[in-house]
Amino acid sequence: MPNRQRAPIGSRARGEDFVQHARDAARFVHEVAHTADVGFEVEAPTLEGVFERAALGLGRTIADADEIAARSRRTMTIRADDRAALLHDFLHALLLLAQVEGFLFEGVEVTAIDEGCIRAEVAGEPLDPARHHLHGEVKAVTWHGLAVERRGDTWRARVILDV
Amino acid sequence: MEIRRVGEVVWEIPRTGAMRVPARVYASESQMGTLRLDPALVQLAQVAELPGIVGHAMAMPDVHWGYGFPIGGVAAVDADDGVITPGGIGFDINCGVRLLRTRLEATAVEAVRDRLADRLFATVPAGVGSSGAVRTLSARDERRVLERGAAWAIEEGFGRAADLEHCEDGGRLRGADPDAVSETARVRGRSQVGTLGSGNHFLEVQRVERVHDVRAAAALGIEEGQAAVMIHSGSRGLGYQVCDDALRVMDRAMRRHGISVPDRQLACVPLRAPEGEAYLAAMAAAANFAWANRQVMTGLAERAFLEVFGVGPATLGFGLVYDVCHNVAKLEEHVVGGSPRRVCVHRKGATRAFGPGHPVLPPSVRHLGQPVIIPGDMGRHSFLLLGAAGAMTESFGTTCHGAGRLMSRAQAKKAGHGVDLIGALAERGVTVRARSLRGIAEEMPWAYKDAAEVVDVVTRAGLATLVARLRPVIVIKG
């Protein structure tokens, strides 16, 4: 699995357009109008980037990113059968991190990825009901229309959440 | 897509491509005008591709775009040759609605609406990840919740034994196996029994505004001017995870079973395959969790009423009219092509509506038909219906489940921008208590079809009859 050099989240030099913090997600997370649920599309120049941005799309659906500080980090490794399943399972793991462990994430960094495995670090802090404002409950990351694909130089992902 | 009108409010999508059966849509002409452009009908045609599907894939008049199945979709598959798909049930397994009667006049409730709203809001946990209605379940209690459903909650002092008879399946789906539920699912549900959640879930105090069928209403203990309570919630995090786990397993197993589907959310396996049986056992356990959840909230709501009105339980007269599931699959017998056949009916945002005389109905309502509860949006009417004979011949004993969304959540928020939402609802005579203003914006009446139009279609189609119309007085939301 190709590895990326580890650096503090937000500190690594990248292209101007590459943003990996939830507070900036509005710039690259595009809502998909869905009657019952919440859908979004993201684009990035790299596979790592599109996974990071999809994660932040989920993050801003869960909670108000401005209120979350990057106090600690969590590392996760996810394996799946194909790229779409990998995105599903990655986002599902992040959802559980928030809902089961009560850890809200603000930044995300994919440190290694290939077709069937992703390693990522997320930065955030434990949920504090006095400070954090949660949005509606995300029930699940659905498989409906779930896609990760490359078109030319751009990676795109599409995600529909059951809320 | 070709759509033919085959009845006053019935439309058919003929079988084409990989569809195994035609699809049928219940809708008025004006509803169909909007629906023609809705992805829900494409999803319905995909449902018609499921192996073993019999009769028609069906959409009720509240149908709208979902994930995999359309919301408001119904599919019956042969119990021996058919498949089970968790996407045809949904993440919120046994999401459902219950209606409770009281002996109070609605005017008495309206006189103390703020105090009662505050008390209910403080008593029934609501909102994202809400928890703590009862102590965190011990391993033993967790098994009992999953095996016994509503009965567990009654043994714990929430509601009364008579409530069980007025739940579909007695508030307990048989075949539940707690060991088929993953540890992750248990953890997600462990502290959530007796909690409302967020989104479109609610607890409402309502006024019975109009009785349309006096005889049936009297038999159900309902009369005009009475205060009633409606609760809409499901299996919380436990159910979501059971669905997620099963989709993962089935996504892989499909290839082994030689099945392909047009949408991965429709992942399915033969009902009789080990993965299918394991899911049915886990789904039943999650359904039981949902019944326990609604039963605990019933007890909590009753306590809030007792406290505010300072009366005893007999004077309050809290009692369950009926509890229905609208996200579940059940093995049932129906007549297909003139012969009785055992089928597994998937109802995703649709309600069982067995007609009068059906043997599974409890004696107290058997002569009437199954009570069906249709929640409206929080500013408009909800309805009490009865399943009709037509549902047994036309729709696998099924009718609609609610108003059905009209706008996306983003559109609804935009429409509510700058509007005093709480004030707008107060103008309609509705007192709201909610954890999230954003949640209120997404659930405003303009985001929904009018449930009255939906109910009008199912009654004209002969799937149900109208008993009573209820109007919200207090709305508690996450």
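Coordinates for the structure precede this section.
Residues numbered from 1 in each chain as written. Chains lettered and ligands numbered in written order. Predicted model: local features only at pLDDT ≥ 70, side-chain atom pairs only at ≥ 80, totals over all residues.

Engineer: Quick one: what's the story with the overall build of chain A, residue by residue and with numbers?
Structural biologist: Scanning chain A for helices and strands turns up 2 helices and 8 strands. Each helix (α) and strand (β) of chain A, taken in turn from the N terminus, gives the series β-β-α-β-α-β-β-β-β-β. Relative to its 163 residues, chain A shows a buried fraction of 48%. A fraction of 69% describes how many contacts in chain A between residues 6 or more apart in sequence connect residues 24 or more apart. (Helix = DSSP H or I, 4+ residues; strand = E, 2+ residues; numbered from the N terminus. Buried ≥ 20, exposed ≤ 12 C-beta atoms within 10 Å, placed from the backbone. Contact = placed C-beta atoms within 7 Å.)

Engineer: Can you explain the interface of chain B and chain A? Please cite residues and give values.
Structural biologist: Counting residues at the interface gives 35 residues for chain B and 26 residues for chain A. Those elements giving two or more residues to the side of chain B that touches chain A turn out to be α8 (183–189), α10 (236–256), α15 (409–415) and α17 (437–442) of chain B. With 7 residues, α10(B) is the single largest residue contributor to the side of chain B that touches chain A. Residues of the side of chain B that touches chain A, tallied by class, amount to 10 nonpolar, 14 polar and 11 charged. (Nonpolar A, V, L, I, M, F, W, Y, C, P; charged D, E, K, R; others polar.)

Engineer: Requested: an account of unusual backbone geometry, with residues and values cited.
Structural biologist: Residues and elements named next belong to chain B. Of note in this structure, D169 is not a glycine but carries a positive phi near 55 degrees. Along the chain, the position of D169 falls in the loop between α7 (162–165) and α8. One non-glycine residue with positive phi stands out, namely F396, at about 50 degrees. In this structure, F396 sits in the loop between α14 (389–394) and β17 (398–399).

Engineer: A description of the pairing of strand β5 (residues 117–126) of chain A should follow, citing residues and the corresponding values.
Structural biologist: Residues and elements named next belong to chain A. Relative to β5, strand β3 (residues 72–79) runs antiparallel, the two being bridged by 8 bridges. Bridge assignment links S72 to a residue of β5, and that residue is G124. Hairpin remark: strand β4 (residues 103–114) followed by β5, antiparallel, with 2 residues in the connecting loop. (Pairing = 2+ DSSP bridges.)

Engineer: Quick one: what's the story with the sheet that holds β4(A), residue by residue and with numbers?
Structural biologist: Residues and elements named next belong to chain A. The 3 strands are arranged β3-β5-β4 in an open sheet whose pairing can be described as antiparallel. The sheet is open, and its two borders are formed by β3 and β4, each paired with just one other strand. Direction aside, neighbouring strands of the sheet carry axes that sit 20 degrees apart on average. The strands that helix α1 (residues 47–62) touches are β4 and β5; relative to β4, the one it contacts most, it runs at about 160 degrees. (Axes fitted to C-alpha atoms, helices over the stretch in contact; angles between N-to-C directions.)

Engineer: Tell me about the sheet that holds strand β12 (residues 327–336) of chain B, and please be specific about residues and values.
Structural biologist: Residue and element names in this part refer to chain B. Taken in spatial order, the 7 strands line up as β1-β2-β3-β4-β5-β13-β12 in an open sheet, and their pairing is mixed. At either end of the open sheet lies a strand with only one pairing partner, and these are β1 (4–7) and β12. Between one strand axis and the next, the sheet turns through 25 degrees on average, direction left out of account. In terms of strand pairing, strand β3 (residues 23–26) meets strand β4 (residues 53–64) through 3 bridges, oriented parallel. Counted as the bridge partner of V25 is A59 from β4. The strands touched by helix α18 (residues 451–460) within the sheet are β3 and β4, with β4 carrying the most contacts at an inclination of about 145 degrees.

Engineer: Let's hear about the environment of B:M32: which residues, and what values?
Structural biologist: All names here are of chain B. Among the secondary structure elements, M32 is positioned in helix α1 (residues 29–35). Residue M32 is classed as partly exposed on the basis of its C-beta count, with 18 C-beta atoms lying within 10 Å. Spatially, the C-alpha atom of M32 lies 8.8 Å from that of P61, the residues being 29 residues apart in sequence. Here M32 is in contact with W11 and A27, once residues within four sequence places are set aside.

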